[in-house]
Amino acid sequence: MRRETDKEPFGGPTSHLRRSGRSDRPKRGVGFRWWMPSLAAFAVSAGLFVYLATSDAGAGWLKVRSADWWAITTALHLPYFVILLFLVGGLVERLGFFWRGRAPEPAGRLPVEYPTVCVQLPMFNERAVARRTIEAACAMNWPADRFSVQVLDDSTDEDTRRLVEDVCARVRLSTGVNCRVLHRDDRQGYKAGALEEGRKATDAEFLVIFDADFVPPRDFLIRTVPHFYLADGEPDARLALVQAQWGHLNHDESFLTLAQSLWVDDHHTLQMSWRSAVWRFVNFTGTGGVWRASAIEAAGGWRAASLVEDCELSFRHLFAGYRTKFVKEIVVPAELPATYTAYKRQQKRWTQGWVQLQRMHLATLLFRFQCSWLRRIHLIYHMCISWQWPAWAIWITLLPFLIYTDHWFGSLGIAVGASLYLLPASLWVVVAATVASLETKHTYSGSITPSTFLRRLGRIVPHTVINAGMLPHQFSAFLEGLFGPLHSEFERTPKTASVTPTSSDSGPGERPRPVARRAETGKTTDGVKIHWPYALTEASYVVSQFAWAVLFAADGLILPAIGAGFLAACVVYVGSSTVTMQAKLATSSTEAH
């Protein structure tokens, strides 16, 4: 079998690939703009507030418990009923984990002749982490004549390009690993475009993908590739993907990383394990996974039609009859976004991209894909999970008006109100945090003790605060995904390389422990791009909630006043932290330069 270096268009260690075709740059529309629904929501909220604050309206429109009151109150609670459906679906997955998904996923047996593997490392101006991930990828255990590494470097910063080329040359010389750099003349297709170019340039049987902030362990390939084979060593031809679990290099670095570590543990350990065991389908998370190259070819290759090219490719495999698998026992350490700017950029891309995916494939899932009705319901829930954000946004906009006019079920008594409005979300977050903290056993070193469990459970606090503070941002991302262009700009998540794993101080059987490490010095390439519709939505949300808090307090409605004030404070906290962290990074970058 030919090695990667024997294939065109490679002409040496560094290749410059040229592309042609339609540009993926978003086009400026006319007339209706994606942010107009957000503006309308604020106008409605402001209008309701002004009306109630300047008139004698309020309680007394309809008699509580009357037939008309029940009808109107129930109808106005439709967004909340949608939220309850999402919460129930989430509880089914997390409690269902104990039924299916908790047991380890069995692997098959590798054939006598190992398959060829190509590791792809897509990156763009990743000066801080490029060296770390390239060295880790090249250090993985696999026969050298069956192993190659592609560094898909789209960097526009010349210092970063030289660094990447120097690291690859040094690794290639010292280890003999076939590590090559692929530079493109433009970023058409962004990450998906780079992966597709790399795929066409190799004939490896399996493609392994790591983002630049991931640090794969040495035994990653030895543990993942056997899952593509049966117990007798024959290929499991309909298995397209094996997805590993994300670990954390910096989970306890800050309030922000603690919150992220909880939802990552919850989503991977519980949700993805259950989905893999029950439905034989999980979406690729964009990194930390192994693809069967022939399956990608059969599904049509990588496309940049949405910002979640990984999930879009996964659903095309589902529709083509392939299976995908998640293995929680295989963990790849990664760096969580360390700043609110980076986190918001990541979440915007994901939320916007999932809605774009729905625009492309929801009709196929609803009407053309052949499966059982129960599986279809779950897959619709899976694909449409981002609808929770507009449901929450509309509900938060309506709720103060409902409270002030007695069109809420709290009018039936405090116990009824607390049970209906506080208990479901509280139960969901406590169950998810408890089970994730107990069952995420392969990500952290050491055993779970009562003290470590309580520390992990305490992540509920940052998780709740930051999720509440992200609501207007996520609502804006949803609207941009629904009404904006499909071919949007792919904004990378900045990395800092504040820690790196080391095994020098790890005991037998322990996972490598992260330690602090100075990143590559030099100028920063992470400019701050302000999305004004997002910023204005956040500002209007804060003003609205604070106004309602004042109105509630003036009328003696203390608990609603506290609730509205809390929601506004969460958004202020996330927004102010974003500005503060970015200012510190700018100062540090200037000093380093």
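Up top you'll find the structure we're talking about.
About the cut-offs
Numbering of residues starts from 1 in each chain and follows the order in which that chain's sequence is written. Given that this is a predicted model, residues contribute local features only at a pLDDT of at least 70 and side-chain atom pairs are listed and counted only at 80 or more, while totals for whole chains, interfaces and linings are drawn from all residues. The side-chain numbers reported here are obtained from all heavy atoms of the structure, hydrogens and water having been left aside. Definitions used throughout: a 1 Å grid over protein atoms alone; a cavity as a set of points that fits a 1.4 Å probe which cannot get out; a pocket as an open set with protein on both sides within 12 Å along at least five of seven lines; a lining residue as one with an atom within 4 Å of a point. Grid points are joined across faces, edges and corners, and a volume is the space filled by probe spheres set on the points. Each residue receives one of three labels: charged for Asp, Glu, Lys and Arg, nonpolar for Ala, Val, Leu, Ile, Met, Phe, Trp, Tyr, Cys and Pro, and polar for the others, Gly being one of them. Helix and strand assignments follow DSSP, with helices taken as H or I runs no shorter than four residues and strands as E runs no shorter than two, numbered in order from the N terminus. When a carboxyl oxygen of Asp or Glu lies within 4 Å of a side-chain nitrogen of Lys or Arg, that pair is called a salt bridge. Each residue's exposure class comes from its accessible area (1.4 Å probe, protein chains only) as a fraction of the maximum for that residue type: buried when under 20%, exposed when over 50%, partly exposed otherwise. Note on definitions: a residue-residue contact is assigned when non-hydrogen atoms from the two residues lie within 4.5 Å. For the purposes of these results, a polar contact is taken to be a pair of N or O atoms within 3.5 Å, where, inside protein, one atom must be able to donate a hydrogen and its partner to accept one; residues adjacent in sequence count only when each atom of the pair is a side-chain atom.

Chemist: I'm lost on empty space enclosed by the protein in this one. Help?
Modeler: If a probe the size of a water molecule is rolled over the atoms, the empty space left behind becomes visible. The final tally for this structure, using the stated rule, is 6 cavities of 30 Å³ or more. Taken as a whole, the largest cavity holds about 470 Å³ of empty space. Forming the boundary of the largest cavity are 38 residues, of which Lys191, Asp211, Arg349, Phe490 and Lys495 lie nearest the centre. Taken together, the residues of the lining of the largest cavity sort by class into 18 nonpolar, 8 polar and 12 charged. A volume near 50 Å³ is recorded for the second largest cavity. Lining the second largest cavity are Gly189, Tyr190, Lys191, Ala192, Ala304, Ser306, Leu307, Glu309, Ser488 and Phe490. The element best represented in the lining of the second largest cavity is helix H6 (residues 190-200), accounting for 3 residues. Broken down by class, the residue content of the lining of the second largest cavity amounts to 5 nonpolar, 3 polar and 2 charged.

Chemist: Would you take a moment to explain the pattern of salt bridges for this structure?
Modeler: Opposite charge on two side chains lets them pair, provided their charged atoms get close. A complete count under the given rule lists 21 salt bridges for this structure. Salt bridges sharing partners connect three or more residues here, namely Glu196, Arg199, Lys200 and Glu297.

Chemist: Looking at this model, I keep getting lost on the environment of Arg170. Mind explaining?
Modeler: When you line up the elements, Arg170 lands in helix H5 (residues 158-175). Residue classification places Arg170 among the partly exposed positions, given a relative accessible area of 38%. With residues near it in sequence (within four places) discarded, Arg170 still touches Arg131 and Glu135. In this structure the side chain of Arg170 is engaged in a polar contact, spanning 2.5 Å, whose partner is the side chain of Glu135.

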